[in-house]
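Each chain, letter by letter, is given below.
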Amino acid sequence: MDRKVMDREALLASVREQMPERRWVHTQGVMETAVILAKRYGADPVKAELAAILHDVAKFWKVDKMEAAIREEGEFVDVLNYDKELWHAHAGAYVSRRDYGIEDEEVLGAIRYHTSGREGMALLERIVWLADLIEPGRDFPGVDAIRGLAEQDLNGALVAGFDTTLGFLVEKKKRIYPLTVLARNDLLAEIENTN
Ligand SMILES: [Fe+2]
Ligand SMILES: [Fe+2]
């Protein structure tokens with residue numbers, strides 16, 4: 001079977017048709033921001049863009065379809081016990097490999113952990129996570145401060161971003177996925193160790 005990644009235009013068209021226009025606009029914002037951040041912090045901009053294109057591919061799938069993909073993959077079924085917001089990231093990573101031929105683990109990790117984060121986030125994972133939060137279409141209290149941090153302090157911007165998203169989950173009385181807490185702890189430890 002030919003596992004070659006489809007060409008960029010075909011990929012963009014395929015992803016676009018799986019989401020409403022506003023989410024496509026968001027995806028383009030994430031692509032643009034991820035490329036800027038990748039260049040700024042020494043990651044591969046081509047991989048950053050590819051992960052950004054696919055990060056929300058499953059976002060508007062029916063819940064059943066996301067669940068089926070996660071069960072078919074089998075390795076991350078635990079996520080089904082947590083907020084459905086997390087599901088599209090795992091389903092997206094799985095179909096990026098299954099349907100789009102992406103084999104690059106860095107790209108797949110950036111898609112898989114773009115919502116939750118995780119302990120020991122790879123550089124590309126950090127970049128896509130942050131790009132998703134601060135792309136030009138995002139508007140929430142504090143977003144400009146995080147954008148400012150992202151100009152020169154990737155980990156500082158990530159911690160500020162995790163603080164915001166965790167605060168939002170607490171406020172909404174939502175369960176917190178343990179990996180998200182570990183992601184923040186790990187970033188804080190990393191910052192302490194480099195200071
Ligand atoms: Fe997402
Ligand atoms: Fe997104």
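Everything numeric here is computed off the predicted structure, so don't read it as measured data.

Draft legend 1. The arrangement of the coordination of the iron ion (ligand 2) in detail. Protein coordination of the iron ion (ligand 2) is provided by His-26 (NE2), His-55 (NE2), Asp-56 (OD) and Asp-132 (OD), with donor distances spanning 2.2 Å. Between the four donor atoms coordinating the iron ion (ligand 2), the angles at the centre fall across 82 to 175°, so the site counts as irregular. In primary sequence terms, the donor set of the iron ion (ligand 2) follows H-x28-H-D-x75-D. Between the iron ion (ligand 2) and the iron ion (ligand 1), the interatomic distance is 3.4 Å, and Asp-56 donates to each metal, bridging them. Placement of His-26 in helix α2 (residues 21-41) and of His-55 in the loop between α3 (45-54) and α4 (63-73) is noted, with a sequence separation of 29 residues between them. The two residues His-26 and His-55 agree in class, both being buried.

Draft legend 2. A look at the packing of helix α1 (residues 8-16) against α3. One can describe the packing of α1 onto α3 by two numbers: an axis separation of 9 Å at closest approach and a directional angle of 25°. Overall, the two elements α1 and α3 adopt an arrangement that is roughly parallel. In this structure, α1 contributes Arg-8, Leu-11, Leu-12 and Val-15 to the contact, and α3 contributes Glu-49, Leu-50, Ile-53 and Leu-54. Class assignment of the residues belonging to the contact of α1 with α3 gives a composition of six nonpolar, no polar and two charged.

Scoring rules and cut-offs
Residues numbered from 1 in each chain as written. Chains lettered and ligands numbered in written order. Predicted model: local features only at pLDDT ≥ 70, side-chain atom pairs only at ≥ 80, totals over all residues. Heavy atoms only, no water. Donors = N, O, S within 2.8 Å, 3.2 Å for Na, K, Ca; no water. Tetrahedral: all angles 85-135°; square planar, octahedral: opposite > 155°, others 65-115°. Helix = DSSP H or I, 4+ residues; strand = E, 2+ residues; numbered from the N terminus. Buried < 20%, exposed > 50% of the residue type's maximum accessible area, 1.4 Å probe, protein only. Axes fitted to C-alpha atoms, helices over the stretch in contact; angles between N-to-C directions. Parallel < 35°, antiparallel > 145°, perpendicular 65-115°, else oblique. Contact = heavy atoms within 4.5 Å. Nonpolar A, V, L, I, M, F, W, Y, C, P; charged D, E, K, R; others polar.

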